[in-house]
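The lines below spell out each chain.
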Amino acid sequence: MAKPVLLTVDDDREVLRAIERDLRRKYGSDYRVLRAGSGPEALEIVRELKIRNNSIALFLIDQRMPGMSGVEFLAQAIALFPDAKRVLLTAYADTDAAIAAINEAGINHYLLKPWDPPEENLYPVLDELLEDWEAAFPPQFEGIRVLGNRWSPASHNIKDFLARNHVPYQWLDIETAASDSEVRSLVELLDEEETRSLPIVILPNGVRLRQPSLADLAEHAGLKTRATEAFYDLAIVGGGPAGLAAAVYGASEGLRTVMIEREAPGGQAGMSSRIENYLGFPSGLTGADLARRAVVQARRFGVEIISAEATEVRIDGPYRFLKLADGAELSCHALLVATGVQWRKLDAPGVERLTGAGIYYGAAMTEAMSTRGEDVYVVGGANSAGQAAMHFSRYARRVVMLVRGSSLAASMSQYLINQLKSTPNIHIEYNTSVVEAHGEDHLEAISIHCAETNEVNKVPASALFIMIGAAPNTDWLAEIVERDERGFIYSGPHLTRDGKRPNGWKLDRDPGLLETNVPGIFVVGDVRHGSVKRVASGVGEGSVAISFVHQYLSKVV
């Protein structure tokens, strides 16, 4: 936590050095002491501290300064830090003006120069003022702040990325500037070009990132974006439950392990608002909690987690080389693919244009608070859609689930069906689908088709969450591993056809249960052809895969 600031201003350099010395000697362990030689210079410091969301506890200001008096400075400064204590430094001849300023500018005290000895003439006064300030001081948020627009896809992507990577941040919606004094004061401090370049990310050190890419954001947020070594025993691409389980088991058994995740550890499961059927958690847990616990466990065993995207694989003898989006490359003996799946896109007019501006794929937990008092629509009939509906029902006025089928029984766990039915503000529409989205800069309405009546109804909507099936992201592996017609990766028995091993297979054994057509490249989790799409299944596959990795490495290393 950054220390609160004591700011002293005086145009006399000798006096300024003396007061700074005395302040540091007494208060340096608990406060930051900053100084300025003029009112305008001090105002720049004050504005920058406000942008950084730092706190000023005390202004200690000379009254007689050329260009701007102490009272004139305070009139502007206290608009930004109204709770800061204010002390004027005056000469004996200025005492009448100082006394008048107590009423005019809300001065808490005035001190005569010189103040020696400070133990008698300075510290007792400041001690009392700082004690009062500390008693009433509301702690300031000191993490990353994001200033943007609720309906901006770029703002949504930044919020979602930070939240899923467990990076604390404060969201400031520019649309609330009229009613939120904090947002308004921040907007007034930024220059016009910055306010036109939203979203803007403000780091605790004052650095401001305009419309940053997720790669830039990851680097500035303290996430590791580059590997520290050139070679690893095991490289895992994908940080969902399967990848995290493989990382934990691999590293705990002595393998030098790196995990590469382009978005955030936890994968699709990490976005689940509540997982209630995971073994060992009778009260359930959120996907974010599961991901956080797994990441802590993996790091404890020495797993290196990199926020990056794998774009290419090449084979060179016993080595598998991974190329990353930034051009960097690392090598490994064993490669495990655990990239999971993405939500299938909804093909309807207006949906692509409004994605991120009221239309979201997945549960998009960062948007939940914004739906308070509104009607929310959830498209999908599997567990993920049901969990999302339950979560949004705590905020939204009404949650409407749009289900293409005539029942939830075949696609959703019974415990979740029971919860949905017992939640009064959740309504389920069967045999329905979204056929169009309407709105200019954000979602305003959707058109819903009913298969039973063949009618299309247009209804107002400001939030639509889509969870309608899985699509694997495996094109970057197309020239290396065998995939089915939908892009899921074949492994083990699925590679043997008519008793023949896959083309190019040169080992005197069949591919392992979770091994692809390339020896030493394994696949686990939802991206694997024939996998069971459950969190527990992914965790199981990730842990079991390590035994096959060891078997492979025993013949290679």
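Rules and cut-offs
- Residues numbered from 1 in each chain as written.
- Predicted model: local features only at pLDDT ≥ 70, side-chain atom pairs only at ≥ 80, totals over all residues.
- Heavy atoms only, no water.
- Patch = residues over 30% accessible without salt bridge, like charges linked within 9 Å, V, L, I, M, F, W, Y side chains within 5 Å.
- Areas by Shrake-Rupley, 256 points an atom, 1.4 Å probe, with all protein chains shown as cover.
- Salt bridge = Lys/Arg side-chain N within 4 Å of Asp/Glu carboxyl O.
- Lys, Arg positive; Asp, Glu negative; His and termini not counted.
- Charge placed at Lys NZ, Arg CZ, Asp CG, Glu CD.
- Helix = DSSP H or I, 4+ residues; strand = E, 2+ residues; numbered from the N terminus.
- Axes fitted to C-alpha atoms, helices over the stretch in contact; angles between N-to-C directions.
- Left-handed = near helix turned anticlockwise from the far one by under 90°.
- Contact = heavy atoms within 4.5 Å.
- Nonpolar A, V, L, I, M, F, W, Y, C, P; charged D, E, K, R; others polar.
- Buried < 20%, exposed > 50% of the residue type's maximum accessible area, 1.4 Å probe, protein only.
- Core = buried A, V, L, I, M, F, W, Y, C linked by side-chain atoms within 4.5 Å.
- Arc of directions from axis to C-beta.

Re a negative patch on the surface
Right, on to step 1. There is a patch of like negative charges on the surface, built from Asp30, Glu128, Glu131, Asp132 and Glu134.
Right, on to step 2. Assignment of secondary structure puts Glu131 in helix α6 (residues 123–136).

Quick look at the packing of helix α14 (residues 383–392) against helix α15 (residues 414–422)
Right, on to step 1. Two elements in contact, α14 and α15, have axes separated by 10 Å at closest approach and are oriented at 35 degrees. As for how α14 packs across α15, the hand of that crossing is left-handed. Between α14 and α15, the contacting residues are Asn383, Gly386, Gln387, Ala389 and Met390 on the first element and Tyr415, Leu416, Gln419 and Leu420 on the second.
Right, on to step 2. Here the contact of α14 with α15 is built from residues that sort into five nonpolar, four polar and no charged.

Looking at the pattern of salt bridges
Right, on to step 1. Summed over the entire model, instances satisfying the criterion amount to 32 salt bridges.
Right, on to step 2. In this structure, the salt-bridge partner of Arg397 is Asp375, at a minimum N-O distance of 3.1 Å. Placement of the pair is Arg397 in the loop between α14 and β19 (398–402) and Asp375 in strand β18 (residues 375–379), with a sequence separation of 22 residues.
Right, on to step 3. Note that Arg398 is salt-bridged to Asp375, the shortest N-O span being 3.9 Å. Taken together, the residues Arg398 in strand β19 and Asp375 in strand β18 connect sequence positions 23 residues apart.
Right, on to step 4. Judged by relative accessible area, Arg398 falls into the partly exposed class, the value being 32%.
Right, on to step 5. What emerges from the salt-bridge pattern is a single network uniting Arg21, Asp22, Arg25 and Glu119.

Let's talk about the nonpolar core
Right, on to step 1. With 46 residues, the main nonpolar core has Met401, Leu420, Ile446 and Leu464 as its most contacted residues.
Right, on to step 2. Among the elements that line this core, the one with the most residues is α14, at five residues.
Right, on to step 3. Discounting residues that sit within four places of it in the chain, Met401 has contacts with Val378, Gly380, Ala385, Gly386, Ala389, Met412, Leu420, His427, Ile428 and Glu429.
Right, on to step 4. One finds Leu43, Val46, Met68 and Leu186 within the second-largest nonpolar core, a separate group that totals 34 residues.

Comments concerning helix α3 (residues 70–80)
Structural remark: α-helix, 3.6 residues per turn; residues separated by three or four positions point the same way.
Right, on to step 1. Every buried residue of α3 is listed here: Gly70, Val71, Phe73, Leu74, Ala77, Ile78 and Leu80. The buried residues of α3 occupy an angular sector of 155 degrees when projected down its axis, which confines them to one face. Away from its buried face, by an angle of more than 90 degrees, α3 presents the exposed residues Ala75 and Ala79.

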